[in-house]
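What follows is each chain in one-letter form.
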Amino acid sequence: MQALREVFGQTLVELAANNEFLVVDCDVKGGTGVHHFAKVYPNRLIQVGIAEQNAFGVAAGLNIATSLPIFVTGFATFLMRGWEVARLSVDYGNRNVKIIASHGGLDTGEDGASNQCLEDFSCWRTLPNFVVISPSSPAQMKAATKTVLEYKGPVYMRSGRSPWNEMPFEGEFKIGKSYTLREGNDIAIIATGKMVWYALKAAELLYLSRGIHARVIDMPTLKPIDHSAILSCCNEVKFIVTYEDHGRFGGLNDAVGNSVLQTRHPIPILPIYVEGHGRSGDPDDLMKVYHITPEDVCREVIWEWEHL
Amino acid sequence: MQDNRNVLEEKARHIRRATLLQIHRAKSGHPGGALSCVDLLTFAYSIKTPEDFFVLSKGHAAPALYAVFVEYGLLDEASLVTFRQVNSKLQGHPTTELPGIVTPTGSLGQGASVGVGIAMGLKYAKKPGRVICLLGDGELQEGIVWEVAMCAAHWHLDNLLFIIDYNGLQSDAKVWDTMRVQPLWDKFKAFNWYVKEIDGNRMDDIEMAFSIPIDTLVTHPMVILAHTTKGKGVSFMEGKAEFHGSMKLTDNQLRLALQELS
C-alpha cells in the first residue's frame, strides 16, 4: 500500500533527470509528496506559500517566460481558491500548467470538512481546456504522472492522502481511456480514483450474494471521458452504477450521465457519491457513515435489480 | 530630452484620440481609466525592448493599449475600427489572440500575478529583460495583489516594475470612500519594494522615474505610484467616476473631446 501523493513525488524525481519542468507549491510539499523532489532539485521548486491564487498566475508566468511544463501542487480544496485565476490565466491561453492535488474526497480523513474536497471534479471539468484525471492505484499514478508531464496543456489530477491498495497496471497511461477490470453483462460499475478498488469488492459481493454479473470499469479520466466504453454499457447492461469519492454534482455521475444521454439507448444510472459536506474521522469509518462502502453499493444495486 | 518629450506628448495626444474613437464606435468601453494611463503607456512602450514584457493588468484600459500598438507600429491602424466587434482580435479586454499581448487580462489582479511569474521565470532561465505591469489603484483591493507583493520581495525580483495608475477613482466612487487602499507608499515600503511617487500625467516626471538605473534597486522590485487624473485630456471627463465605463459615448461627447485633443 502506498499513498498516491508519495508516488507522485517520487515519480517527479525520476522524471526530472531527463525532463525539465518546474513545480510551484503552496506550502504543502510534505502534504503533496513534492518534498521528495525538493530534496533533489531545490532550485526547481518555486515556493509561493499559502497563496493559491498567486500560485496559478505564477505558474502561467513561469510557462510564458521559460516554455517549460509547470506543476502546481497543493490541497484540492484550497487550490479551488485559485480557480478563477486558472480560468483566465491558464485555461484561456491553454497554458502547459498541471495541477496535482492531494486531499481529495473523504479519503482526506481526520482533518474534516474544511479540507475534504468534494467539488474538485466538478470545478475543473467546467473549464474548456482542462483534462481531469483521478488515478486509482499507486502503479497507475506513476504512469499517469509521466503521461501528464508529456501532455501539452492544462491538467487537473487528484493524487491521494492515505495509503491505497495496489492494483496491477502496466504500460502507458492514456488520457481518455478507461480500463475494464472485470467483465459482466448484468450491470456496470464505473468508478474512479480510490473507489475503483472498492468497486471490485462490490462486484464480488454481488456475484456471491445474488449471482449478479457486474462489469467493473476504472474510469480515471473524467474529462475527456471514455464515451465508447459508456456506449457499450448502454448497449449491453441493464444499468450503470457510478462510484466516486466526490459530491453529488458535477463529478463522475454527471460526466457519465452526460455521456449516456447522448446515446440512442440511454439506461438508468445509480449514482454513489458523498452527500453534503464531509466530517472528521478515519477514512474507513467515514465510508460507513456516508454509506459508500461496497456493502452499501451492493445493497442499493440489489434493490434496483429487484425493481427493474 | 526635450525633443523626445515633445514627440512623446504628441504620441500621447494621438493615442487619446484613437482611444475615444474606438470606444465611441464600439458603443462601450472604459474611457476614464484608459485616458488616465495614456502618458504612462506611451512612455513605457518608448523604452520597452524585445526582451521586456509588458502586462496591462488593468485590462479595461485595452483601447489605450491598442492605440499604443498602432502608434509604435505593432498594429495596423485600420484594425481600430473593429474594437469589441465579434471576431476582432481587439477584444474588450486584451487577449493573446492579438500578437504582442502576453497574457489575457480583464480580471483584476491576475496580470500582476502572471507578471511576477514571468519575472521569476526570466531569473530561473537567466534571461535579461524586465517585466512592467500597469495596475489600477482600485485593483489594489484584490488580495492577490498583496500575495504578489510578498512574493516579488521574497524572491528579490529586481526585474519587476509595477506602475500604479493612481487616479483615485474606481467604478462607482473614489477609492478612498469605497475601500481605502491608501497609504500606498507605506504599504509597498512595508512589503519591501522600492517606491517612487510621481505625477503620472507629466512626461518629464515619468521619464525621471524610469531613469533610475536597475542596479540601484539592490534586489528589490520597484513600484511607481503615478498620480493621474481619470479622464485626463478631456475636461468634462477629468476626475469623474461616471466615465469609468463600460459606457457609450455620445456623438456630441466625442466631438467635444476630439476638439480638446486637437
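Residues numbered from 1 in each chain as written. Chains lettered and ligands numbered in written order. Predicted model: local features only at pLDDT ≥ 70, side-chain atom pairs only at ≥ 80, totals over all residues. Heavy atoms only, no water.

Student: What am I meant to see in the overall build of chain A here?
Tutor: Broken down by element type, chain A carries 13 helices and 14 strands. Expected size for 308 residues packed as a compact globule is a radius of gyration near 19 Å; at 19 Å, chain A falls within 12% of this value. Along the longest, intermediate and shortest principal axes, the C-alpha atoms of chain A span 60 × 40 × 35 Å. Within chain A, buried positions represent 63% of all 308 residues. At a minimum sequence separation of 6, the contacts of chain A that also span at least 24 residues come to 78%. Carbon and sulfur atoms make up 51% of the accessible area of chain A, which totals about 11700 Å². Side-chain charges in chain A split into 28 positive and 35 negative, and the spacing between the mean points of these groups amounts to 4 Å. (Helix = DSSP H or I, 4+ residues; strand = E, 2+ residues; numbered from the N terminus. Rg over C-alpha atoms; globule rule 2.2 N^0.38 Å. Buried < 20%, exposed > 50% of the residue type's maximum accessible area, 1.4 Å probe, protein only. Contact = heavy atoms within 4.5 Å. Areas by Shrake-Rupley, 256 points an atom, 1.4 Å probe, with all protein chains shown as cover. Lys, Arg positive; Asp, Glu negative; His and termini not counted. Charge placed at Lys NZ, Arg CZ, Asp CG, Glu CD.)

Student: It is not clear to me how the overall build of chain B should be interpreted in this structure. Could you clarify?
Tutor: Each helix and strand counted, chain B has 10 helices and five strands in total. For 262 residues, the compact-globule estimate of 2.2 N^0.38 gives 18 Å, and the C-alpha radius of gyration of chain B, at 17 Å, lies within 12% of that figure. Along the longest, intermediate and shortest principal axes, the C-alpha atoms of chain B span 50 × 40 × 40 Å. Taken across its 262 residues, chain B has 58% of its residues classed as buried. Sequence separation of 24 or more characterises 74% of the internal contacts of chain B that already satisfy a separation of 6 or more. In the structure as shown, chain B presents an accessible area of about 10600 Å², 53% of it carried by carbon and sulfur atoms.

Student: Sorry, what's going on with the packing of helix H9 (residues 195–210) of chain A against helix H13 (residues 294–306) of chain A here?
Tutor: Each packed pair of helices is defined by two parameters, the angle between the axes and the distance between the axes. Residue and element names in this part refer to chain A. Close contact between H9 and H13 brings their axes to 9 Å; oriented N to C, the two are set at 50°. Between H9 and H13, the angle falls in the class oblique. Classified by chirality, the crossing of H13 by H9 is right-handed. Taking contact as the criterion, the partners of Tyr198, Lys201, Ala202, Leu205, Leu206, Ser209 and Arg210 in H9 are, on H13, Pro294, Glu295, Val297, Cys298, Val301, Ile302 and Glu306. Broken down by class, the residue content of the contact of H9 with H13 amounts to nine nonpolar, one polar and four charged. (Axes fitted to C-alpha atoms, helices over the stretch in contact; angles between N-to-C directions. Parallel < 35°, antiparallel > 145°, perpendicular 65-115°, else oblique. Left-handed = near helix turned anticlockwise from the far one by under 90°. Nonpolar A, V, L, I, M, F, W, Y, C, P; charged D, E, K, R; others polar.)

Student: Even after reading the chapter, I still don't get the sheet that holds strand S3 (residues 45–47) of chain A, so can you show me in this structure?
Tutor: The pairing of strands in a sheet happens through backbone hydrogen bonds and is either parallel or antiparallel. Residues and elements named next belong to chain A. Taken in spatial order, the seven strands of this open sheet run S3-S2-S4-S5-S7-S6-S12, and their pairing is mixed. Edge positions in the open sheet fall to S3 and strand S12 (221–223), since each of these has one partner strand only. The average angle at which neighbouring strand axes cross in this sheet is 20°, direction not considered. By the bridge criterion, four bridges tie strand S2 (residues 22–25) to strand S4 (residues 70–75) in an arrangement that is parallel. Looking across to S4, one finds that Leu22 is bridged to Ile70. Running at roughly 170° to S4, helix H4 (residues 52–66) makes contact with S2, S3, S4 and strand S5 (97–102) of the sheet. (Pairing = 2+ DSSP bridges.)

Student: Mind showing me how you'd approach the environment of B:Leu169 here?
Tutor: All names here are of chain B. Following the sequence through the fold, Leu169 ends up in the loop between strand S3 (160–166) and helix H7 (175–178). Taking the C-alpha atoms as reference points, Leu169 and Lys230, 61 residues apart in sequence, are found 7.1 Å from one another. What Leu169 contacts, discounting residues up to four positions off in sequence, is Asp137, Lys174, Val175, Lys230, Gly239, Lys240 and Ala241.

Student: Please clarify how the sheet that holds strand S4 (residues 194–199) of chain B should be interpreted in this entry.
Tutor: Residue and element names in this part refer to chain B. Pairing within the open sheet is parallel, and its five strands lie in the order S1-S2-S3-S5-S4. The strands lining the two open edges of the sheet, one partner per strand, are strand S1 (53–56) and S4. Geometrically, the sheet is characterised by an average inter-axis angle of 20° between neighbouring strands, direction not taken into account. Sheet topology note: the strand S2 (residues 131–136)/S3 ladder contains six bridges and is parallel. The residue bridging Cys133 from the neighbouring strand is Phe162, located in S3. Of the strands in this sheet, S1, S2, S3 and strand S5 (222–227) touch helix H3 (residues 38–47), which is tilted by about 160° from S1.

Student: What is the right way to read helix H11 (residues 252–260) of chain A from this model?
Tutor: Think of an α-helix as 3.6 residues a turn; residues three or four steps apart then line up on the same face. Residue and element names in this part refer to chain A. H11 sits mainly inside the fold: seven of its nine residues count as buried. Where H11 is concerned, the buried positions are Leu252, Asn253, Ala255, Val256, Gly257, Ser259 and Val260. Looking at the packing, one finds that the buried side of H11 touches helix H7 (120–125), strand S10 (187–191), S12, helix H10 (227–236), strand S13 (239–243) and strand S14 (269–272).

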